[in-house]
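# Report on the structure
Single-letter residue listing:
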Amino acid sequence: MTREVKSVAVLGGGTMGLGIAAASADAGADVLLLDVTMEAAEASLDRMKNIRPPAFEDPASADRIKLGSFQDDLALIADYDWICEAIIENLETKRDLFAKLEPLRRDGSVVSTNTSGIPLKDISEGMPERLRKDIVVTHFFNPVKIMRLMELIPGADTTEDVTTALADFCANKLGKGVVYAKDTVNFIGNRIGCFFMLSGLHKARAALHAGMPMEKVDALLSRPVGLPPTGLYGLIDLIGLDIMDLVGKNLEVNLPAGDVGLGFTKFPPEEQAMLERGQLGRKAKGGFYRLNIAEDGTKSKEIFDLTSQSWRPQEAVELTAEQQNTETVFFADHAEGQLVWDVMGGTLLYAADLVPEIADDVVNIDRAMRWGFGWGKGPFELLDQLNPTKVIAKLEADGKELPAMLKVLKDAGAESFYRNEGAEYLTLSGTWEAVPAE
Ligand SMILES: NC(=O)c1ccc[n+]([C@@H]2O[C@H](COP(=O)([O-])OP(=O)(O)OC[C@H]3O[C@@H](n4cnc5c(N)ncnc54)[C@H](O)[C@@H]3O)[C@@H](O)[C@H]2O)c1
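The following refers to the structure shown. (Residues numbered from 1 in each chain as written. Predicted model: local features only at pLDDT ≥ 70, side-chain atom pairs only at ≥ 80, totals over all residues.)

### Regarding the overall build of the protein chain
Check the secondary structure of the protein chain and you find 19 helices and 14 strands. In summary, the protein chain has a C-alpha radius of gyration of 23 Å against a globular reference of 22 Å for 438 residues, a match within 12%. C-alpha atoms of the protein chain, sized along the principal axes, occupy 65 × 65 × 40 Å. The buried share of the protein chain, taken over its 438 residues, is 44%. Sequence-distant contacts in the protein chain: of pairs separated by 6 or more residues, those separated by 24 or more amount to 66%. (Helix = DSSP H or I, 4+ residues; strand = E, 2+ residues; numbered from the N terminus. Rg over C-alpha atoms; globule rule 2.2 N^0.38 Å. Buried ≥ 20, exposed ≤ 12 C-beta atoms within 10 Å, placed from the backbone. Contact = placed C-beta atoms within 7 Å.)

### Side note on the site of the ligand
Lining the immediate environment of the ligand, one finds 20 residues, of which G14, M16, I87, E89 and N142 sit closest. With 3 residues, the top contributor of residues to the shell around the ligand is helix α1 (residues 15-26). Across the shell around the ligand, the residue classes tally to 7 nonpolar, 11 polar and 2 charged. (Near = placed C-beta within 6 Å. Nonpolar A, V, L, I, M, F, W, Y, C, P; charged D, E, K, R; others polar.)

### Section: the environment of M212
Within the secondary structure, M212 is located in the loop between α8 (189-209) and α9 (214-220). A tally of 19 C-beta atoms within 10 Å means that M212 is categorised as partly exposed. Separated by 15 residues in the primary sequence, M212 and L227 place their C-alpha atoms 20 Å from one another. Apart from the residues lying within four places of it in its own chain, the contact partners of M212 are A207, V217, A335 and L339.

### Points about the sheet that holds strand β7 (residues 149-154)
Pairing is mixed in the open sheet, where 8 strands are placed in the order β3-β2-β1-β4-β5-β6-β7-β8. With partners counted over all chains shown, the strands left at the sheet margins are β3 (65-69) and β8 (177-180), one partner each. In this sheet, neighbouring strand axes are inclined to one another by 25° on average, regardless of whether the strands run parallel or antiparallel. (Pairing = 2+ DSSP bridges. Axes fitted to C-alpha atoms, helices over the stretch in contact; angles between N-to-C directions.)

### Brief notes about helix α15 (residues 335-352)
Three- or four-residue spacings in an α-helix give side chains the same orientation, since the helix completes a turn every 3.6 residues. Compared with an ideal rise of 1.5 Å per residue, which puts 18 residues at 26 Å, α15 spans 24 Å between its outermost C-alpha atoms and is within 8% of the ideal. The largest bend along α15 measures about 30° and falls at G345. (Expected span 1.5 Å × (residues − 1). Bend = angle between axes of the 7 residues up to and from the residue.)

Written as structure tokens, this is what we have:
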């Protein structure tokens, strides 16, 4: 069967639902937006129109959105091709809604759930066969309009025409960068991105105790390694320590036994204390950084020094040319090099051990990190820049085991994960395949 998405029923008009509804309407699709009450749906449309940055490309797209409530209007989903669930992150609430909607949708429609962390197998377990074949996870990033990444996760029973229809709509109509992930905890982007953050907090501690200022940690873990300027602490401020705490708790329960990430699911004591006193980040007007406004109105940036446990003015940091150079800083024999190798290098090695667990190939992982976390290069592209042979030599000299994909590379006698100017990539079986168009 070939399926095509031309109309979308979005269930839940919160942050994600309103973003998906607005983007779909902008793409010319007819949209139905249902929420707990008609008033909630109306309020959602109102937010779409007034939110900053605007949810709509074209304000006239709002006219393509029909509103309703779950209670009175669920049967209307029979007229729509894609039933897109975007309600609260609660397994039973989601399952309840799927049980109600399944008899009401038409044959040939496709279904998706927007979950950040609930396994699809738990959502679809025991559901009718038609639903198990027609459902995927569509993991959009917030804000939907801006973030390019959309992770598409089929379940064990999902048929290929469902995945193809949604990939086609999301890539070609919504302009998303579609990445194929597996039904594993946090999928691709958040699995690797959260490992960077949570392991980073623990690993950077040693550097801080040895006297490295936090500003320098952020300066090293940003441009020199191809990451956005927020670095480590700035990124966690943006996300919020409360969210990171929930992520850690979810990882603790759902990471597979033996996963390196299990060592970093809890905050170090200093960050735990910050969480407990509500020092959560930007949304709480202060986390690791804050903007201090003096009585005379003068603004200054302050940093919460984790070693002294007190606020102080943020200092400018100078990195040497060697510390700014990606190819040298990872291997440099000084505290700065050690930090980069431990935190960023550790993240690259973690990613290199996750094929085929979270994705079938290096391309999907690289794209997820570029499109979802703003990395200049994905982990395997960055390993290529560092020279995988050099990384292998360092690991072997340190008596460390090689992560899966570095082992594949070594056994295949390859020198990089991409060749032919990025046109081909190294597969898990050590052969070369063409990189699909972005
Ligand atoms: N916000 C993000 O950054 C983000 C990113 C990726 C995925 N997600 C996931 O997307 C989903 C929606 O998240 P969100 O941020 O839009 O949430 P939100 O809190 O902004 O919106 C939740 C929606 O669910 C509705 N709702 C509340 N209680 C309900 C109930 N008992 N039954 C049915 N509907 C109910 C609300 O009215 C609202 O429309 C969640 O599963 C979340 O984990 C969120």
